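So the chains spell out like this:
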Amino acid sequence: MAEDKSKRDSIGMNMKGCQTNNGFVHNEDILEQTPDTGSTADNLQHSTMSILGSQEPDFKGVQPYAGMPKEVLFQFSGQARYRIPREILFWLAVASVLVLIAATIAIIILSPKCLDWWQEGPMYQIYPRSFKDSNKDGNGDLKGIQDKLDYITALNVKTVWITSFYKSSLKDFRYGVEDFQQVDPIFGTMEDFENLVAAIHDKGRYTDYYIWHDCTHENGTTVPPNNWLSVYGNSSWHFDEVRNQCYFHQFMKEQPDLNFRNPDVQEEIKEILRFWLTKGVDGFSFDAVKFLLEAKHLRDEIQVNKTQIPDTVTQYSELYHDFTTTQVGMHDIVRSFRQTMDQYSTEPGRYRFMGTEAYAETIDRTVMYYGLPFIQEADFPFNNYLTMLDTVSGNSVYEVITSWMENMPEGKWPNWMTGGPDSSRLTSRLGNEYVNVMNMLLFTLPGTPITYYGEEIGMGNIVAINLNESYDTNTLLSKSPMQWDNSSNAGFSEASHTWLPTNSDYHTVNVDVQKTQPRSTLKLYQDLSLLHANELLLNRGWFCHLRNDSHYVVYTRELDGIDRIFIVVLNFGESTLLNLQNMISGLPATVRIRLSTNSANKGSEVDTSGIFLDKGEGLILEHNTKNLLHRQTAFRDRCFVSNRACYSSVLNILYTSC
């Protein structure tokens, strides 16, 4: 009996192992039927053949089920009702990927080049000796700049431009460089610069790096090789007793000109560039580039007044400088500097900027430093023509704007500056009432605005001083210490004496006071900087001139794809009344003031048929319209754009195929 039961259990297990699973799990609660003992042998034989038999399995009538073997899977996968949907999904996936790739390529091709860091926001120019003293010696230094980086950040400044801090005689307080790879001790140490940007090291100079020529020197009197004059007056040749020759200097005798016709000199300058670039410097400004070369023939330059006695010609303005400026080959040297910097611009996001300063050139000659269409020189030559305005009017401002935009090569990037270390400060040159309107002009023109330190709070020149220097000390009047607060030395230094005196108005004109005043010059500057950073109309849009006269200048900023424009109204004359409806057709009766030099007007409405402007007042008006001026034939010759782009509000992107 026990033996029969054991056989039944064994046979039952064999039969259970051969049952077909049609996609369902057997319920263990279902009672198994006891197999017929009479057919045990047959069942056992059948079971064994099912497992070990070599014949192909028959799947006819079998439905798909989870966990089916590959043989069953292949039987179903080849059927049309399974194969066709699978192929459709596959090709849809392939098509989707191709569409995404094509869309990405199209966006890349059609999108305008992203603005580089030197285009995105304002530059802030610092004369380091006058910005902040950190070691109480009365001189500003690099550590002082580092201590005030939070303030610079609060101005929304994208680029800090530090004027020369190399080791020098400081005879002209800027250009008299003795070593381009050493920090002058007045400004700090190597470690200070490492903390601010990078480290430095020392490099030497050689006598054949300068321009030498035989000359006569007897009884203390030198007879120079020709009549060439220094920018600061008198002969540009100076006798050297050691070499018994004269060397050439376009500026001061402590600043001998480098011989850029010597390939070793050019390579030395490139090594200096590489040195600083490897330390993380983001760009260079090349000053006085038109003086790089001089004629090799050494012929006398022509007198402006040909009847003047030659021996009395001692001032630079009394000669035409055809042989000592802008010589053939000068632009080739500038391009070679650009090529050196390009070698360090290959890393994404690390483009190295290059600017040039042409020194009293006409605008048409200055813009030549942009380079040729396929041969780049400077990213932009510095546009300091607004700093040359000793009196200001709507007409004079308009002339500077249009002269630059009309002469600038197509596709290049403009820049604007209202002050600098070599010009009188804005308030002293034009008056306090023009500070805000000039800052508004700076931030509403297309391109990069450049601010000289202190202009954001309306600093003025100091009174004339006597430093017992041979240099023209009048140029020092705009280099006075930065006015931080109303403490001793305006918060610039804790020393008992500073290298230049602070302005007497520092008790009221300083950063701390203006930070707490909602209508201060500093607050308006910050609002303008923020608006410029956040508005495509200002940092990407078209500039369209509407009208100007001796009092005012009016222009718009607009961009394809954005159905609104900014109307900028700036008054540089006496109080005046404007009718904008006579300038723009279809203008509504009132428009909103987005920003004003008088902050009390911000956000209010103004009557477009009669806008009253005080002297030095400026408005940025916002007007919703689809009728952009640059599309209209009447304004076609009065609109400019640097890098043309259009905006898609649907995709929230910029593209170029407008």
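First things first, this report covers the structure right here in the doc. (Residues numbered from 1 in each chain as written. Predicted model: local features only at pLDDT ≥ 70, side-chain atom pairs only at ≥ 80, totals over all residues. Heavy atoms only, no water.)

### Observations concerning the pairing of strand 17 (residues 542-548)
Of all seven residues in strand 17, five are buried; the element is thus mostly enclosed. Where strand 17 lies against strand 18 (residues 552-558), six bridges are found, and the strand directions are antiparallel. Bridged to Arg547 within strand 18 is Val554. Between strand 17 and strand 18, which pair antiparallel one after the other, the connecting turn spans three residues. (Buried < 20%, exposed > 50% of the residue type's maximum accessible area, 1.4 Å probe, protein only. Helix = DSSP H or I, 4+ residues; strand = E, 2+ residues; numbered from the N terminus. Pairing = 2+ DSSP bridges.)

### As for empty space enclosed by the protein
Scanning the entire structure with this criterion turns up five cavities of 30 Å³ or more. Within this model, the largest cavity holds a volume of roughly 80 Å³. In terms of lining residues, the largest cavity is bounded by Pro518, Arg519, Ser520, Lys523, Leu524, Asp527, Leu595, Ser596, Thr597, Asn598, Ser599 and Lys602. Counting only elements with at least two residues in the lining of the largest cavity, the list comes to helix 16 (521-534) and strand 21 (590-596). A total of three residues in the lining of the largest cavity trace back to one element, the largest contributor, which is helix 16. Class assignment for the residues of the lining of the largest cavity results in three nonpolar, five polar and four charged. (1 Å grid on protein atoms, 1.4 Å probe; cavity = no way out; pocket = protein on both sides within 12 Å on 5 of 7 lines; lining within 4 Å. Points joined across faces, edges and corners; volume = space filled by probe spheres on them. Nonpolar A, V, L, I, M, F, W, Y, C, P; charged D, E, K, R; others polar.)

### Overview of a nonpolar patch on the surface
Together, Val97, Leu98, Ile101, Ile105, Ile109 and Leu110 make up an exposed nonpolar region whose accessible area comes to about 550 Å². Locating Val97 in the fold gives a position in helix 4 (residues 80-110). (Patch = residues over 30% accessible without salt bridge, like charges linked within 9 Å, V, L, I, M, F, W, Y side chains within 5 Å. Areas by Shrake-Rupley, 256 points an atom, 1.4 Å probe, with all protein chains shown as cover. Salt bridge = Lys/Arg side-chain N within 4 Å of Asp/Glu carboxyl O.)

### Looking at the packing of helix 14 (residues 435-444) against helix 16
Orientation of helix 14 relative to helix 16, taken along the N-to-C sense of each, is 10°, at an axis distance of 10 Å. As summarised for this structure, helix 14 and helix 16 are arranged roughly parallel, according to the angle between their axes. In contact with Val435, Asn436, Asn439, Met440 and Phe443 of helix 14, helix 16 contributes Thr521, Leu524, Tyr525, Leu528, Ser529 and His532. Broken down by class, the residue content of the contact of helix 14 with helix 16 amounts to six nonpolar, five polar and no charged. (Axes fitted to C-alpha atoms, helices over the stretch in contact; angles between N-to-C directions. Parallel < 35°, antiparallel > 145°, perpendicular 65-115°, else oblique. Contact = heavy atoms within 4.5 Å.)

### Overview of the state of the cysteines
Within this structure, the stated rule accounts for two disulfides. Between the sulfur atoms of Cys215 and its disulfide mate Cys246 the distance is 2.1 Å. Residues Cys215 and Cys246 share a disulfide whose torsion about the S-S bond is about 90°; that sign makes it right-handed. With a gap of 31 residues between them, Cys215 in the loop between strand 5 (212-213) and strand 6 (216-218) and Cys246 in strand 9 (residues 245-248) connect regions that are remote in the sequence. Each member of the pair Cys215 and Cys246 is classed as buried. For Cys544, the disulfide goes to Cys639, at an S-S distance of 2.1 Å. (Disulfide = S-S within 2.5 Å.)

### Thoughts on the environment of Pro414
Relative to the helices and strands, Pro414 resides in the loop between helix 12 (394-407) and strand 15 (415-417). When the C-alpha positions of Pro414 and Phe382 are compared, they lie 8.7 Å apart, and in sequence the two are 32 residues distant. Aside from chain neighbours lying at most four places away, what touches Pro414 is Tyr370, Phe380, Trp404, Met405, Met408, Pro446, Gly447, Thr448 and Ser642.

Read these as geometric descriptors, not functional statements.
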